Every structure is written in C-alpha cells, then in structure tokens.
Amino acid sequence: MAALCEGFTLCGLGPSGGVGPGAGVLALEPGPDSDHVLLTDRGRTATLFKVSDQKPLGCWSVKHGQIITCPVVCNFETHEYIAVHDDKVLRIWKDEDVNLDKVFKATLSADVYRIHSLPHGEPLVLFKGGGVRTLDVLLEAPQQEIENFISDEVIKWSEAFLEDQEPILIFTTEKDGDYFIYIQKFKLNILHKYKLEQQELSNPLSFTAYIKNQIITLLCLYSNDAIYKVLIPLQRDSEEEEQILSKSLLLKLSVSGSVLKGTSFAILDKDHVAVLGSLTAFGEESKECLTIWNTKFQTLQTSKELPLGTSGQLWCYGEKFFFTHGKVLTVIIYKCESSSLAAAVGKLKDSQTSDVSSFINWNTLSDEELVVSLQSQQSVALKSESKMTLRSRRNSVAKVQPDTLTVGQLLLDIKDSSSAAVEDELKLLLSKEQMPDFQATIGCVITALINRCKTDPVFYPRNFLVQLIQKREFSYSISDDYLERTDVNLDSVICYIDIESNNKEVKTEIVENGFNTELEEDSCDTTFTKETHLKNDGECCPVGPQKAALLNAVLHSAYSETFLLPHLKDLPAHSEKITTTLPGVLSPTINQIMDWMCLLLDAHFTVMVMLPEAKGLLSSLHKFVRAQVRFYSELNKIEGSLQELQRLKRQKDSQTYSIEVLELI
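These lines cover the structure that appears in this document, whether it is placed above or below. (Residues numbered from 1 in each chain as written. Predicted model: local features only at pLDDT ≥ 70, side-chain atom pairs only at ≥ 80, totals over all residues. Heavy atoms only, no water.)

The helix and strand inventory of the protein stands at 14 helices and 31 strands. Taking all 665 residues of the protein together, 40% fall into the buried category. Once local pairs closer than 6 in sequence are excluded, the contacts in the protein between residues at least 24 apart make up 49%. As displayed, the protein offers around 37900 Å² of accessible surface, 52% of which is attributable to carbon and sulfur atoms. (Helix = DSSP H or I, 4+ residues; strand = E, 2+ residues; numbered from the N terminus. Buried < 20%, exposed > 50% of the residue type's maximum accessible area, 1.4 Å probe, protein only. Contact = heavy atoms within 4.5 Å. Areas by Shrake-Rupley, 256 points an atom, 1.4 Å probe, with all protein chains shown as cover.)

On to helix α11 (residues 545-556), then. The terminal C-alpha atoms of α11, which comprises 12 residues, lie 17 Å apart, in line with the 16 Å expected from a rise of 1.5 Å per residue. Listed in full, the buried residues belonging to α11 are Pro545, Gln546, Lys547, Ala548, Ala549, Asn552 and Leu555. (Expected span 1.5 Å × (residues − 1).)

As judged from the eight bridges shared by strand β17 (residues 204-212) and strand β18 (residues 215-222), these two strands associate in the antiparallel manner. Among the inter-strand pairings, Ala209 is bridged to a residue of β18, identified as Leu218. (Pairing = 2+ DSSP bridges.)

Our next topic: the nonpolar core. Ranked by internal contacts, the top residues of the largest apolar core, which has 22 residues, are Ile170, Ile181, Ile183, Ile216, Leu218 and Ile232. Counting only elements with at least two residues in this core, the list comes to β13 (154-163), β14 (166-175), β15 (178-185), β16 (190-196), β17, β18 and β19 (226-233). When neighbours within four sequence positions are excluded, Ile181 is seen to be in contact with Ile170, Phe171, Thr172, His192, Lys193, Tyr194, Leu196, Leu218, Ile232 and Leu245. Formed by 17 residues, the second largest nonpolar core is a distinct cluster that contains Leu411, Leu426, Val445 and Phe459. (Core = buried A, V, L, I, M, F, W, Y, C linked by side-chain atoms within 4.5 Å.)

Our focus in this paragraph is unusual backbone geometry. Residues other than glycine seldom take positive phi values, yet Gln54 does so here, at roughly 55 degrees. With respect to the helices and strands, Gln54 occurs in the loop between β4 (45-50) and β5 (55-61). Non-glycine residue Asp86 carries a positive phi angle of around 55 degrees. Secondary-structure assignment places Asp86 in the loop between β7 (80-85) and β8 (89-93).

Contact pair helix α6 (residues 407-416) / helix α7 (residues 419-430): the axes reach a minimum separation of 10 Å and the direction vectors enclose 155 degrees. Looking at the two axes, α6 sits roughly antiparallel to α7. Considering how the two elements wind past one another, α6 and α7 form a crossing that is left-handed. For the pair α6 and α7, the contacting residues are Leu410, Asp413 and Ile414 in the first and Val422, Glu425, Leu426 and Leu429 in the second. A breakdown of the residues in the contact of α6 with α7 according to their chemical character gives five nonpolar, no polar and two charged. (Axes fitted to C-alpha atoms, helices over the stretch in contact; angles between N-to-C directions. Parallel < 35°, antiparallel > 145°, perpendicular 65-115°, else oblique. Left-handed = near helix turned anticlockwise from the far one by under 90°. Nonpolar A, V, L, I, M, F, W, Y, C, P; charged D, E, K, R; others polar.)

Moving on, we get to the sheet that holds strand β1 (residues 2-12). Pairing in this open sheet of four strands is antiparallel, and the strands run β1-β29-β28-β27 from one edge to the other. Edge positions in the sheet fall to β1 and β27 (315-317), since each has one partner strand and no second. Strand-to-strand twist of the sheet, defined as the mean angle between neighbouring strand axes without regard to direction, takes the value 25 degrees. Pairing analysis gives six bridges linking strand β28 (residues 320-325) to strand β29 (residues 328-336), with the strands arranged antiparallel. Bridging across to β29, Phe322 finds its partner in Val331.

Attention shifts here to the pairing of strand β6 (residues 68-75). In summary, the side chains of a regular strand alternate between the two faces of the sheet. The buried count for β6 comes to seven of eight residues, which makes it a mostly enclosed element. Here β6 pairs with β7 via five bridges, running antiparallel. Directly across from Ile68, in β7, lies its bridge partner His85. Count of turn residues in the β6/β7 antiparallel hairpin: four residues, of which His79 carries a positive phi of about 55 degrees.

Next up on the list: the packing of aromatic side chains. The tally for this structure, following the rule as stated, stands at 10 aromatic pairs. Seen from their ring centres, Trp60 and Tyr81 are 5.3 Å apart, and the 35 degrees between their planes marks the pair as tilted. With Trp60 in strand β5 and Tyr81 in strand β7, the pair connects residues that are 21 residues apart, well separated along the chain. For Trp60, a relative accessible area of 3% puts it in the buried group. The class for Tyr81 is buried, based on a relative accessible area of 1%. Linked through ring pairs, Trp60, Tyr81 and Trp93 together constitute an aromatic cluster. (Phe/Tyr/Trp six-rings, centres within 6.5 Å; stacked < 30°, edge-to-face > 60°.)

Okay, the sheet that holds strand β22 (residues 254-255) next. If you walk across this open sheet you meet the five strands as β22-β23-β24-β25-β26, and the pairing is antiparallel. The open sheet terminates on both sides in strands that have one partner only, identified here as β22 and β26 (299-305). Pairing of strand β23 (residues 258-269) with strand β24 (residues 272-281) involves 10 bridges; the strand directions are antiparallel. Of the residues in β24, the one forming a bridge with Ser264 is Leu276.

Right, let's talk about the pattern of salt bridges for a bit. Considering all chains together, one arrives at 13 salt bridges under this definition. Lys50 serves as the salt-bridge partner of Asp53, at 3.4 Å between the closest nitrogen and oxygen. One salt bridge in this structure joins Glu80 and Lys94, with 3.6 Å as the shortest N-O distance. Of this pair, Glu80 sits in strand β7 while Lys94 sits in the loop between β8 and β9 (104-107); the two residues are 14 residues apart in sequence, bridging distant segments of the chain. (Salt bridge = Lys/Arg side-chain N within 4 Å of Asp/Glu carboxyl O.)

Put into structure tokens, the structure is as follows:
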C-alpha cells in the first residue's frame, strides 16, 4: 500500500517559478544530510534549505551576466559545494563562504553537462561530448583535453552509481529520433554503447534507473502513456560496437477509462513508482496529479490533485516528494509498503535460485562443499559449461559412491540431470543417515527439487519424496525414538497424555475459548464445559509426550515477533480446529496459546483469508470483534462521567453528608 501525507511549502518562487527573480527551477539535489536539499534556479542562484524547518540556511549567486548551467551539488566527502556557470567555469565553496567571486575557480576546456556526487566517492563530471572525469583528476589539470564521443548526439539524462566500490555512470543521448545508452566503468576505463529499441509512434520523455547485482535497470517513461523496463548487464557478452537493447512493458498509465499523461517519474521501491502528470478522461478537463502506482499489480495506489499546476518536474529524496505547485515549492511525505501477496506471506525468494545459505549449516560442511554450494547459486557458471562436459558429468553420476557424494555436487546435479540419475543420487543421500547436519541438508535438497519442478514440468522424483515422508526425516523433525532416550520433564503433559496406555478413559476439562452465533446479539461470553472422551487412535495426541512437553516449553518461552515472523512464514499454513487441554503442572495458559496463535495468524494472514474453509472462522471472528467493539464503545461513553465523579469526590468535604443527582448525558 502507498499513501500521500499532507504537503507543506518549502519556499516561495519567483514570477516564473524560480527562487530568483524571473527564473525557473533547474534542479533539486540532496544536501549534506537527509534533512537538507540544494535548489538551483535557471538564473544565478543556489540555495541550501533545511526541510524540517522550511527555511534557507545559505544562498549563493554568481555575478550579473553569468548563468548557472548545471545543478549545484554537494561533495559528501569534503562538505563543499560545486557549481558550473557559463558551461565551463567551475566554482567550489564551503558553507561559510559568501561571495562566489572569491571562492575557488577553474576554467575547463569543454562544456560540462552535469556533475554527479556520490555518497562515498569522488564527484563525477560529465561533459557534453560524452567525456567523463573524476573531480580530483580534473582539478589536477583543468585545461586537459576532453574527448568527444558524441559530437552529433545530445545528452538527455544521466545518473551515477557505486557498485562494489566502483563508480558507474549511465547517460542517454538522442540523434534523429534514435536513442542511445552509454555505460562508463571507471576501474577499467571502459565505455559501452547501446542503442535503445525504437517504440512505434512514441518517444521517451523521462528516464530513471537503479543498479543491483551487476545489472542496471533502466526505466523509460514514453509519450504513449507507458513505462518500459530495460535490463543492462555490466558484464557485456557481445563485442558488437552498437548492441540493440530490447525493452519490456512495465506499467500502463491508465485506470478506469482515465489516462495519465506523465511528464516525470521516480522509483520508490521495487514495486512502486511515482508519476507526475495530467490525468485525462474522455469528455472531462485534464487534472494535474501526483500519483503512486504498483508495478507488480498494475494498479493506481493513490493520487493527489494539484489544481495550481506544476512545472512537470519531480524529485524524490528521503521519502519526500519535491515539486513546484503554482508559485511555491511543495514537499509531500509519502509512505510506501509492499502490497504484493508474495511479500505478505514472506515468499519473495528468487524461484530460479536455490537459497542454499538459508538451509546449510556452514559450520558442518567441508570446504569443498562450501565452494560447490556457493557455485550452485550462480546459474551463469552452469550455462558456461559445454554440452560435452555436462554429458560426461551426467554419465558419471551413477558411478558416484556414497563416500564421495557431496551436497554441493548433488545440488548441481538436481538442476540439470535426468530424473533417474537424480533418484540414484538421492538414494545414496538417504543411506548416509550418520552424515553431519543431515536434516539441514535434506531441507536444502527439497528446496532444490521444488525449484527444479517449477521449471521442468516433466521432472518429479516421486519415489524419493514418498520415502522421505515415510522415514519421517523431513526438514527439522525431532525423532520420537531419539527423544525417548532424552531426559525431558513431562510434568506439563502427564495429566492429559496417557503414557502407559493408549486406550483408557481420561477425564479432561476442555476450555473452548470461542463463541457462538449468539454473539450477533452482543453476547461475548465464553463457554466452559467438562466432557469425558475416549482417547482412541483418532483423538490421540499427534505427538509423543516428549514432543508435547517441548512444545509446552516453547509456548512458555519469551519471544520476539521481529525474529520469529520471517521464519514462521516459511512454514505451511494450517486451517485445522485447535483444541487444548489445560490441567497439569506447567501447562500453558490460554493467553500463551492465543499469543502463539495470533503470531501464526500474522505469519499466514493473507493465505488464510483466501482459503474457502476460512470463511466460517472469519465470520465468527468478525462477530466476536464487533461485539467487543460495541462493549468497549459503551464503556468509553461513560468514561468521562466516571472521571468527573472522581474529581467531584476529591473536591467535596468527606465529613459533609449530601445527596447529589448527576445526569449522565
């Protein structure tokens, strides 16, 4: 879900939308910390604002006749400010400086397009001809020659990132309706050029990007009211001089017959983007709006109408939107939470990659298995193998002996070997019951098998799964035979689990902490009944006494939702009716049981509410909660009167006898 909070004005603007007289807003850049921003107008002025106080902390201007030609940025390493005026003149100053004529000045040999400041690195200077320099290298020789890669192309947008401590610069250019993408890598001084796949009858209006796992994701807002996604790997496979990049549709900006004509946009997280533009519907006047969209569900999450109009520019820093609205610069705080079903149930793991690290105990595996297990997470390594190597490896599977089979090798074979070959290796695995961390290994293998089944419909190791379930060795099962040899205090379960016999009558007090349909009539009483039942095979405790005692101990233990919820979400959801017996020493209380039930409900809430079997339970819960709300609502009505009575009682002389009638309204 996403929400837009109330906005506030950061500063007033001049007649044409800028801070200075007659100027427009050129750009807004982050300041030295998260509560500061740098506003550059299209004239002569740069202003530092403290957002929370809504006031300027500093304002600097170049002389009359000079123009600031690219956004002023902050050097996060030195806490200095960097500006370029008249395309080639570089200025650097600090907070205490007042007159820009007296600060550091350097005249460069080429026109500057933009300066990009990085959180933990030297600022990057991008020139209009495509050349790039770090600021320190540029200052060593300001008049050094700058190469011109794109003499016939015009830069439209640029952005800089740090990936593995390496600065990465991306910029887009346009020439005769064609758009090109350049990636500059500084460690090896490599410049890659790509051509963007053309979109019929539409052109890109705005760009934004982010980098993750050596892949740049470029988002493009097009004039056909859609956002497209382009994936650019930093490791280039082809040596073609100009590789064409294909794009895929990420989001169509239309809802209920209305279309958003976007002008600029920003990435909020992996599932949400914000778009500023005009919302138009057939036969209605267009309205400028700030909107937040869910790209996963293709839905409009929230919007805010901007009746005074905007300049079409949108900036986003620290969960705050910045944009011009009428004659002011407006700030709106937003809240964005993931609304995907997968996130709600904690299943956001990559289905194509086995998350080995979450199952394997790294302290018990050999060095060889650690290396192979890590390699199993990198599908690229498998793809690089030749078919001959794969065939030779598959042919040797049957010859693998139990003593030489490693977990890492098995995980690799599960990805691409035949069902028969995998079954043979799995049999060898089950024969190694004394291997260290056996159950953790089984959990890892099951995950790999499930991932293979998802991608290969033909693959299904039925015999192994059946055998595994029959052996009761799945995941972290605790063996009853093993626990029988363990000293476990059974005081908490001895009263309701018959250890000596499975067929004797046991009297128990059953507490049904529930409610009936009479709750519709505001009845919220709980029912306590005593019943006698025959403890047969159908009603016996599903676990042994040792396991039951350990479960009770867990229920008594303190816990933290923060640490437990992610792990509980990985367990399967259940919709079975839960009853419990309470007699005995150290038996869990109803509150303890309900706390754990609530925790499990939190972990599986989204799954549970979608189950058909849960409709009756949800209806009963709804009635129960409604009855409780009504009851507390009535109490709240008389709360003020009760407090007034207490106040009057303190004021009255306790020795004086009197009778007062107070009317409760």
